[in-house]
Amino acid sequence: MSSKKVIVALDSNNLNETINLVKKLKNDVYAFKLGYEFFFNFGLLGYKRVFSICPKIFLDLKLHDIPNTVKNGMKGLIKIKPLLTTIHISGGDNMMLASKILGSKTNILGVSILTSLDSKQTKKFYNEKDVSKLVTKYSKAAKKNLLDGIVCSPKEIRYVRKAVGKNFIIVTPGIRIDNKINSDDQKRVSTPKNAINMGANYIVIGRPITKAKNPLKMLQNINKTLLNK
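Note that the structure is a prediction, hence the values are computed from the model and not measured. (Residues numbered from 1 in each chain as written. Predicted model: local features only at pLDDT ≥ 70, side-chain atom pairs only at ≥ 80, totals over all residues. Heavy atoms only, no water.)

Glancing now at the packing of aromatic side chains. In the structure shown here, the tally under the stated rule is five aromatic pairs. Both rings, one in Tyr-36 and one in Phe-40, keep their centres 5.3 Å apart while their planes meet at 5°; by these two values the pair is stacked. Remark: Phe-40 and Tyr-36 occur in helix H2 (residues 36-53); sequence separation between them is four residues, near one turn of the helix. The class for Tyr-36 is partly exposed, based on a relative accessible area of 41%. Their ring planes at 65° and their centres at 5.1 Å tell us that Phe-38 and Phe-42 sit as a pair that is edge-to-face. Placement of the pair is Phe-38 and Phe-42 together in helix H2, with a separation of four residues, close to one helical turn. Like Phe-38, the residue Phe-42 is buried in the burial classification. (Phe/Tyr/Trp six-rings, centres within 6.5 Å; stacked < 30°, edge-to-face > 60°. Helix = DSSP H or I, 4+ residues; strand = E, 2+ residues; numbered from the N terminus. Buried < 20%, exposed > 50% of the residue type's maximum accessible area, 1.4 Å probe, protein only.)

This is the structure we're talking about:
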């Protein structure tokens, strides 16, 4: 695994600002996450501009469809060579297996339960109030169906790591700085050091870095806290 642990989320509707951030941060990140907001605004041209500066990209498009559609979509996606990409585990066994393309070097992560959902929401939509139990069940399914890792919130890292062992990537969003954890739409959150200590391989951080007065300094400070786990 890389010594760098931070994936910086670049969801933005301003391409020039994003490109400037990539240039400033590229030497201190594990990867950059490009999600819906970036990809739907700037498409392949925007992706390629980021890739030309830093090819370490986590393309977070969360594919979720019938197996054949996901398979064909993944064949196109791997041509642009992201390090990581995502599919929804809830798409089922056959969809997960279909996403694995022979010869691909892109790691496929299964999305478990979105960090915006709490126990009331999972009870309503998944008939399970215990979020950790649900995510653990999903992580086992992801490993069984040959995915390379899982995306889960900090609150489930310990349970997932115990269930899937060491050789399975855990990427964790919902990271907040200095325990400032109640200011937005993500419910199951934690600090960078706590997430890594609990067993995450990589942590996704967006606004605390991208909206900081000095994004590079913020990123470097976070990296320093992770040197001595």
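Here we take up the pairing of strand E8 (residues 202-205). Of the two faces of E8, the one lined by Tyr-202 and Val-204 and the one lined by Ile-203 and Ile-205 are each fully buried. Bridge analysis of strand E1 (residues 6-9) against E8 gives three bridges, and the strand direction is parallel. Counted as the bridge partner of Val-8 is Ile-205 from E8. As defined by bridge partners, strand E7 (residues 169-172) adjoins E8 across two bridges and the pair is classed as parallel. Among the inter-strand pairings, Val-171 is bridged to a residue of E8, identified as Tyr-202. (Pairing = 2+ DSSP bridges.)

If you trace the eight strands once around the closed barrel, you get E1-E2-E3-E4-E5-E6-E7-E8, paired in parallel fashion. Between one strand axis and the next, the sheet turns by 25° as a mean value, whatever way the strands run. Here five bridges tie strand E4 (residues 84-88) to strand E5 (residues 107-111), and the two strands are oriented parallel to one another. Among the inter-strand pairings, Thr-85 is bridged to a residue of E5, identified as Ile-108. Sheet strands in contact with H2 are strand E2 (31-34) and strand E3 (57-63), and its direction is about 145° off that of E3. (Axes fitted to C-alpha atoms, helices over the stretch in contact; angles between N-to-C directions. Contact = heavy atoms within 4.5 Å.)

Moving on to the packing of helix H5 (residues 119-126) against helix H6 (residues 131-144). Between two packed helices, both the angle of their axes relative to each other and the distance between the axes serve to describe the pair. As a packed pair, H5 and H6 sit with axes 10 Å apart at the nearest point and diverge in direction by 55°. Here H5 lies oblique to H6, going by the angle between them. Judged by residue contacts, Ser-119, Thr-122 and Tyr-126 of H5 engage Val-131, Leu-134 and Tyr-138 from H6. Partitioning the contact of H5 with H6 into residue classes produces four nonpolar, two polar and no charged. (Parallel < 35°, antiparallel > 145°, perpendicular 65-115°, else oblique. Nonpolar A, V, L, I, M, F, W, Y, C, P; charged D, E, K, R; others polar.)

Now for H6. In a regular helix each residue adds 1.5 Å, so 14 residues correspond to 20 Å; H6 covers 20 Å between its end C-alpha atoms and thus fits that length. Within the span of H6, buried status applies to Val-131, Ser-132, Leu-134, Val-135, Thr-136, Tyr-138, Ser-139 and Ala-142. Where H6 is buried, its residues contact helix H4 (93-98), H5, strand E6 (149-151) and helix H7 (157-164). N-capping of H6 is provided by Asp-130, with a side-chain oxygen placed 3.2 Å from the backbone N of Ser-132. Note on H6: the residue one or two positions beyond its end, Leu-146, has a positive phi of about 70°. (Expected span 1.5 Å × (residues − 1). Polar contact = N/O pair within 3.5 Å; in protein donor to acceptor, adjacent residues only side chain to side chain.)

Under the defined criterion, the tally for this structure stands at four salt bridges. Asp-60 is the salt-bridge partner of Lys-33, the closest N and O atoms lying 3.3 Å from each other. Placement of Lys-33 in strand E2 and of Asp-60 in strand E3 is noted, with a sequence separation of 27 residues between them. Comparing Lys-33 with Asp-60, the two get one shared label, buried. (Salt bridge = Lys/Arg side-chain N within 4 Å of Asp/Glu carboxyl O.)

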